[in-house]
Amino acid sequence: MRKMIVAANWKMNLTLAEGRQLVEGILAGLPELNNEKEVVISSPFVHIAQTMGQLKGKSHIYTGAQNCAAEAAGAYTGEVSAAMLKDAGVAYVIIGHSERREYYKEDNATITKKVNLALANGLQVLFCCGEALEVRDANTQNAFVEGQIQDSLFHLDAAQLKNITIAYEPIWAIGTGRTASSAQAQEMHAHIRSVIAGKFGNEAANEMSILYGGSCKPSNADELFACADVDGGLIGGAALKAEEFLGIINAMKNAKK
Ligand code: PEP
């Protein structure tokens, strides 16, 4: 049975006090979820200890990080290792977000090293992929996304793959207010599942959770989550307000899956 997941990506936002208040608001309104549905809060590193404390003893809601280093340990000033995240109690780490790829020049090789380290340290990976507008306009998005998955995930074995969740995030829809239509999302998610099936088999593909990211909000979450191959969302802007994030969590709860 594959899981549905709604994961917040706070990016570089919120003071500690604001983060605490946001998590309080989410916990106050969090609906009861069954075992196949979960929520992840991916905060900046400095929030992790506080968020961990707030989520202690709660079920179906986990702490995430937004990045990890591409090296295991050592003289890498400013970096945070996968081992440190695991030690801090983090469950999930976002790897390959388009903002990391674009602003910090992370290529598929770097992202692959991060995936390997995260898995070696027992973290769940939220692996982001997705095309820029020019790729979509040239109608080459399927091959582009397939290339990202091939380069960073195809070397994994079946057991490792179980700890990967894919987030499809068309770059032209991130933070722009422009959402992929549910038909565009479903088409790409089905393609991603077929890419996974081609390499790892149908069972692994069926178990893979594939999240949509890109201006997902309460007003479009129901429609997106109703798509057969959309298993939840990675949420940026709408995760910064408890009410909006809870609206998306409720869309996941109500999705007939
Ligand atoms: C993201 O950056 O992961 C994202 C989906 O952002 P937004 O929801 O703001 O488009």
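All figures in this text were calculated on a predicted structure; none of them were measured in a lab.

What about the site of the ligand?
Part 1 of the reasoning: If you check the shell around the ligand, you find 14 residues, and the closest are Lys11, His97, Glu169, Gly175 and Ser215.
Part 2 of the reasoning: Gly175 has a polar backbone atom sitting 2.6 Å from an oxygen atom of the ligand.
Part 3 of the reasoning: Within the backbone of Gly237, an N or O atom sits 2.8 Å from an oxygen atom of the ligand.
Part 4 of the reasoning: Coverage of the ligand by the protein chains reaches 96% of its 290 Å² of free accessible surface.
Part 5 of the reasoning: When the residues that make up the shell around the ligand are grouped by side-chain class, the tally is four nonpolar, eight polar and two charged.

Digging into unusual backbone geometry
Part 1 of the reasoning: The phi dihedral of His60 falls on the positive side, at around 65 degrees, and the residue is not glycine.
Part 2 of the reasoning: By the element assignment, His60 lies in the loop between α2 (48–55) and β3 (61–65).

Overview of the pairing of strand β5 (residues 124–129)
Part 1 of the reasoning: Burial runs high along β5: five of the six residues are buried.
Part 2 of the reasoning: Pairing of strand β4 (residues 92–95) with β5 involves four bridges; the strand directions are parallel. Bridge pairing links Val93 to Val125 in β5.
Part 3 of the reasoning: Pairing of β5 with strand β6 (residues 164–168), which is carried by five bridges, proceeds in the parallel orientation. The residue of β6 that forms the bridge with Val125 is Ile164.

What to know about the pattern of salt bridges
Note on pairing: side chains with opposite charge can pair once their charged atoms come close.
Part 1 of the reasoning: The final tally for this structure, using the stated rule, is twelve salt bridges.
Part 2 of the reasoning: One salt bridge connects Asp231 with Arg2, and the closest N-O pair in it is separated by 2.9 Å. Of the two residues, Asp231 sits in the loop between α11 (218–225) and β8 (232–235) while Arg2 sits in the segment before β1 (4–9), which places them 229 residues apart along the sequence.
Part 3 of the reasoning: Relative accessible area serves as the criterion here: at 1%, Asp231 is assigned to the buried category.
Part 4 of the reasoning: Across the pair Glu207 and Lys162 runs a salt bridge whose closest N-O atoms are separated by 3.3 Å. With a gap of 45 residues between them, Glu207 in helix α10 (residues 202–207) and Lys162 in the loop between α8 (158–161) and β6 connect regions that are remote in the sequence.
Part 5 of the reasoning: Several salt bridges converge on common partners, so that one network encompasses Arg2, Arg193, Asp229 and Asp231.

Let's talk about the side chain of Arg136
Part 1 of the reasoning: The topology assignment puts Arg136 in helix α6 (residues 133–137).
Part 2 of the reasoning: What makes Arg136 buried here is its relative accessible area of 14%.
Part 3 of the reasoning: A polar contact is formed between the side chain of Arg136 and the side chain of Glu131, at a distance of 2.9 Å.
Part 4 of the reasoning: Beyond its immediate chain neighbours, meaning those up to four positions away, Arg136 contacts Glu131, Gln141, Tyr168, Trp172, Gln184 and Met188.

Quick notes on the packing of helix α7 (residues 141–153) against helix α9 (residues 182–200)
The description of two packed helices rests on the angle between their axes and on the distance between the axes.
Part 1 of the reasoning: Packing of α7 against α9 brings their axes to within 10 Å, and their N-to-C directions diverge by 40 degrees. By the angle class used here, α7 and α9 are oblique. With respect to the hand of their crossing, α7 and α9 are arranged in right-handed fashion. Where α7 abuts α9, its residues Gln141, Asn142, Val145, Glu146, Ile149 and Leu153 lie against Met188, His191, Ile192, Val195, Ile196 and Phe200.
Part 2 of the reasoning: For the contact of α7 with α9, the residue count by class is eight nonpolar, three polar and one charged.

About the thresholds
- Residues numbered from 1 in each chain as written.
- Predicted model: local features only at pLDDT ≥ 70, side-chain atom pairs only at ≥ 80, totals over all residues.
- Heavy atoms only, no water.
- Near = heavy atom within 4 Å.
- Polar contact = N/O pair within 3.5 Å; in protein donor to acceptor, adjacent residues only side chain to side chain.
- Areas by Shrake-Rupley, 256 points an atom, 1.4 Å probe, with all protein chains shown as cover.
- Nonpolar A, V, L, I, M, F, W, Y, C, P; charged D, E, K, R; others polar.
- Helix = DSSP H or I, 4+ residues; strand = E, 2+ residues; numbered from the N terminus.
- Buried < 20%, exposed > 50% of the residue type's maximum accessible area, 1.4 Å probe, protein only.
- Pairing = 2+ DSSP bridges.
- Salt bridge = Lys/Arg side-chain N within 4 Å of Asp/Glu carboxyl O.
- Contact = heavy atoms within 4.5 Å.
- Axes fitted to C-alpha atoms, helices over the stretch in contact; angles between N-to-C directions.
- Parallel < 35°, antiparallel > 145°, perpendicular 65-115°, else oblique.
- Left-handed = near helix turned anticlockwise from the far one by under 90°.

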